[in-house]
Amino acid sequence: MVRVYLSGPLTLGDVGANIHRAIEVYHQLLADGYAVFCPHLDMLAHIQSPQPYETWMRNDLAWVSASHVVLRLPGESRGSDQETEYARMLGIPVVYSIDALDGYRSSEPELVR
């Protein structure tokens, strides 16, 4: 399965709208057969146990490095800018639309038993 890191605004602007938009894209990518990491879902963990920004970014960058491609959602975001810069540094493609992911589509994964 192609691993997609979903990068987009979280705390700048309307946090609820940012999370809502990211989760909509997350579900669409899952339905299209991608494995998706959505850091916006970490907001739930942050509510339960707040962590410094740097902790979340270290975690996010680890997932960026494990991804095949980064999908950058529109909007201003310091964290997303860092994620996309890191991906490019590692040679991981960054795309800006779901349609641009079509070139990364793969066949169904082999199930591990």
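That block above? That's the structure.
Residues numbered from 1 in each chain as written. Predicted model: local features only at pLDDT ≥ 70, side-chain atom pairs only at ≥ 80, totals over all residues. Heavy atoms only, no water.

1. Describing the packing of aromatic side chains
- A complete count under the given rule lists two aromatic pairs for this structure.
- Site record: aromatic cluster; members linked through ring pairs are Tyr5, Phe37 and Trp63.
- The ring centre of Tyr53 lies 4.3 Å from the NZ or CZ of Arg78, which sits over that ring. (Phe/Tyr/Trp six-rings, centres within 6.5 Å; stacked < 30°, edge-to-face > 60°. Lys NZ or Arg CZ within 6 Å of the ring centre and 35° of its normal.)

2. With respect to helix α4 (residues 78-90)
- Compared with an ideal rise of 1.5 Å per residue, which puts 13 residues at 18 Å, α4 spans 19 Å between its outermost C-alpha atoms and is within 8% of the ideal.
- All of the buried residues along α4 are Gly79, Ser80, Glu83, Thr84 and Ala87. All buried residues of α4 project into a common sector of 130 degrees when viewed along the axis, lining one side. Projecting away from the buried face of α4 at angles above 90 degrees are the exposed residues Arg78, Glu85 and Met89. (Helix = DSSP H or I, 4+ residues; strand = E, 2+ residues; numbered from the N terminus. Expected span 1.5 Å × (residues − 1). Buried < 20%, exposed > 50% of the residue type's maximum accessible area, 1.4 Å probe, protein only. Arc of directions from axis to C-beta.)

3. Side note on the nonpolar core
- Judged by nonpolar contacts, the single largest core of 15 residues is most densely connected at Val4, Leu6, Leu29, Tyr34, Leu71 and Leu101.
- When contributions to this core are tallied by element, the ones reaching two or more residues are β1 (3-7), α1 (15-31) and β3 (69-72).
- Residues contacting Leu29, with those up to four places away along its chain left out, are Val4, Tyr34, Val36, Leu71, Ile98 and Leu101.
- Ranked by size, the runner-up nonpolar core spans seven residues in total, among them Tyr5, Val70, Ala87 and Ile92. (Core = buried A, V, L, I, M, F, W, Y, C linked by side-chain atoms within 4.5 Å. Contact = heavy atoms within 4.5 Å.)

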